Amino acid sequence: MESLPERNIPTKALLVEKPGEPFVLQDIVLDEIRPNELLVEIKYAGICHTDLVVQEGKMPLGSYPAVLGHEGAGIIRKLGEGPGTSDLKIGDRVLLSYCSCLNCVACQEGRKGACENIAMINFAGTRGNEDSAISLPNGERVRGNFFGQSSFSKLAVVDSRSVVKYPGPVEDLSFLAPLGCGYMTGAATVLNVLKPKPRSSVAIFGLGAVGLCALMAAKYEEVREIVAIDILESRLQLAASLGATKTIDSRQYETVEAAIRDVLPQGVDYIVDTTGLAYVINNGIKALAHGGTFAIVGTPRPEALLEIQALDMLIHCKTLIGVTGGYCDPQKFIPRLIEMFQSGSFPVNKLHRTYPSSQLEEALQDMKSGKVVKPVLAW
Ligand SMILES: [Zn+2]
Ligand SMILES: [Zn+2]
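Bear in mind that the values here come from a model prediction, so they are computed numbers and not experimental data.

What counts and what doesn't
Residues numbered from 1 in each chain as written. Chains lettered and ligands numbered in written order. Predicted model: local features only at pLDDT ≥ 70, side-chain atom pairs only at ≥ 80, totals over all residues. Heavy atoms only, no water. Helix = DSSP H or I, 4+ residues; strand = E, 2+ residues; numbered from the N terminus. Rg over C-alpha atoms; globule rule 2.2 N^0.38 Å. Buried < 20%, exposed > 50% of the residue type's maximum accessible area, 1.4 Å probe, protein only. Contact = heavy atoms within 4.5 Å. Areas by Shrake-Rupley, 256 points an atom, 1.4 Å probe, with all protein chains shown as cover. Lys, Arg positive; Asp, Glu negative; His and termini not counted. Charge placed at Lys NZ, Arg CZ, Asp CG, Glu CD. Phe/Tyr/Trp six-rings, centres within 6.5 Å; stacked < 30°, edge-to-face > 60°. Lys NZ or Arg CZ within 6 Å of the ring centre and 35° of its normal. Domains from an automatic or database assignment. Buried area = accessible area lost by both parts, 1.4 Å probe. Salt bridge = Lys/Arg side-chain N within 4 Å of Asp/Glu carboxyl O. Polar contact = N/O pair within 3.5 Å; in protein donor to acceptor, adjacent residues only side chain to side chain. Donors = N, O, S within 2.8 Å, 3.2 Å for Na, K, Ca; no water.

## Some remarks on the overall build of the protein chain
Here's step 1: The secondary structure content of the protein chain amounts to 13 helices and 18 strands.
Here's step 2: The globule rule puts the C-alpha radius of gyration for 379 residues at 21 Å, and the 21 Å found for the protein chain is close to it.
Here's step 3: With respect to the principal axes defined by its C-alpha atoms, the protein chain has extents near 70 × 40 × 40 Å.
Here's step 4: Burial status across the protein chain gives 56% buried among its 379 residues.
Here's step 5: Put simply, 68% of the contacts in the protein chain that link residues at least 6 apart link residues at least 24 apart.
Here's step 6: Accessible surface computed for the protein chain: about 16,100 Å², of which carbon and sulfur atoms make up 52%.
Here's step 7: Mean positive and mean negative side-chain charge positions of the protein chain (37 and 42 charges, respectively) differ by 3 Å.

## So, the packing of aromatic side chains
Here's step 1: Overall, the coordinates contain 6 aromatic pairs when judged by the stated rule.
Here's step 2: Geometrically, the ring pair formed by F23 and F152 is edge-to-face, given 5.7 Å between the ring centres and 80° between the ring planes. Placement of F23 in strand 2 (residues 23–31) and of F152 in the loop between strand 8 (141–142) and strand 9 (155–159) is noted, with a sequence separation of 129 residues between them. The pair formed by F23 and F152 is uniform in burial state, with each residue classed as buried.
Here's step 3: Look at F146 and F147: their rings are 4.9 Å apart centre to centre, the planes differ by 65°, and that puts the pair in the edge-to-face class. Neither residue differs from the other here; F146 and F147 are each classed as buried.
Here's step 4: Three or more aromatic residues joined by ring pairs make a cluster, and in this case those are F123, F146 and F147.
Here's step 5: Over the ring of Y64 we find R143; its NZ or CZ atom is 5.1 Å from the centre of that ring.

## Quick word on the environment of G82
Here's step 1: With respect to the helices and strands, the residue G82 is situated in the loop between strand 5 (72–79) and strand 6 (93–96).
Here's step 2: Between the alpha carbons of G82 and V16 there is a distance of 31 Å; along the sequence they are 66 residues apart.

## Quick look at the domain arrangement of the protein chain
Here's step 1: According to the domain assignment, the protein chain contains domain 1 (7–180 + 347–378) and domain 2 (183–325).
Here's step 2: If you average the C-alpha positions of domain 1 and of domain 2, the two centres end up 29 Å apart.
Here's step 3: Between domain 1 and domain 2, the buried area comes to about 1,200 Å², and carbon and sulfur atoms account for 67% of it.
Here's step 4: Applying the counting rule to domain 1 against domain 2 returns 0 salt bridges.
Here's step 5: The interface formed by domain 1 and domain 2 includes 4 residue pairs in polar contact (both at pLDDT 80 or more).

## A short note on the side chain of N145
Here's step 1: Looking at the secondary structure, you find N145 in the loop between strand 8 and strand 9.
Here's step 2: The residues touching N145, leaving out its near neighbours within four places in the chain, are E37, I121, N122, G125, T126, R127, S132, A133, S150 and V157.

## Observations concerning the coordination of the zinc ion (ligand 2)
Here's step 1: The zinc ion (ligand 2) binds to the protein through C101 (SG), C104 (SG), C107 (SG) and C115 (SG), with metal-donor distances spanning 2.3 to 2.4 Å.
Here's step 2: Here the donor residues of the zinc ion (ligand 2) share one chain and are spaced in sequence as C-x2-C-x2-C-x7-C. Here the residue C104 occupies a position in the loop between strand 6 and helix 2 (105–108), and C115 occupies one in the loop between helix 2 and helix 3 (118–124), the gap between them amounting to 11 residues. C115 carries the same exposure label as C104, and that label is buried.

## Structural notes on the pattern of salt bridges
Here's step 1: Evaluation of the coordinates by the stated rule reveals 23 salt bridges.
Here's step 2: The closest approach of N and O atoms between R141 and D31, which form a salt bridge, is 3.2 Å. Placement of the pair is R141 in strand 8 and D31 in strand 2, with a sequence separation of 110 residues.
Here's step 3: Assessed through its relative accessible area of 23%, R141 is described here as partly exposed.
Here's step 4: For D31, a relative accessible area of 2% gives the class buried.
Here's step 5: A salt bridge links R353 to E362; the shortest N-O distance between them is 3.5 Å.
Here's step 6: Residue R353 is classed as partly exposed on the basis of its relative accessible area, which comes to 36%.
Here's step 7: Residue E362 is classed as partly exposed on the basis of its relative accessible area of 31%.
Here's step 8: By sharing partners, the salt bridges in this structure join D31, E37, R127 and R141 into a single network.

What follows is the structure, given as structure tokens:
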């Protein structure tokens, strides 16, 4: 007879009972870790729009109740003895990222962000829906291992494939925690996917965490013109302080194309869209210079893709790419971003604000109103 899993690690987590219900702090019980897993004491966890999309029930993968959170960081308290944990030891500080299958072609080529199983693994949980590491005290199963971590929790069972070791002090995790998702995606879109040529121009649509990190990466690559576009004055100012050469309040123009052509009459070489808005994407393609490339990083609504400017793209040799996870390998790319941070070229400590996990509501309000770029929960 198969033995039942040991459920012996009580802790607290922010739980979403049903789609559309709020996050509620409550008692949960974790299963004992498996050989390919770690028990991590979560110190900080960034809040990302993807957590809210799933909380609202708009992602048709995975069950409820659920513990979300996928920008976690903390300290290893227990360690499995599987092959994926050999470089780690108890007490190590770790940053958590998304999980990939390690078996498909993209994974084997080091582009884990383009893993063909990425959606299933990360949204349904690495152990799968039926086999979560989390339950309620009454025994009911809860979706866990969200992005290999479910880090809106004081303690978390983490898949070793999600782990990146951090050699510095634990306090740094308060601003480095979001490296595993939003920050990395924005930077990798520029550094790994677009690879802008010297003396080229880049426009960033939407100055949230992803857009601002794309901007910092463009500055790092010494792009000649960096055009930052948003509707919030505070974000435009922040973008200017981070290296934007032009900032545009898009409300002052009929279209985003008109806004860009006003400062770059020939069009712009690269566009990073973080808005996912149909009319912005369609019109934005027209603002590309001949041979330009448009990267969609936000999650567009389907109609955005039905109306694309195919003729304009054909005539002017334009490229449209959808980017997930920056096409990168977090275990290699995050250490690179940490080096860039340490040399002053990737100042992510200017983007966050920390909130005690009990003040989640305030954090969400500040995120939605635009008062804070990246709210980070402290456990
Ligand atoms: Zn995210
Ligand atoms: Zn894969």
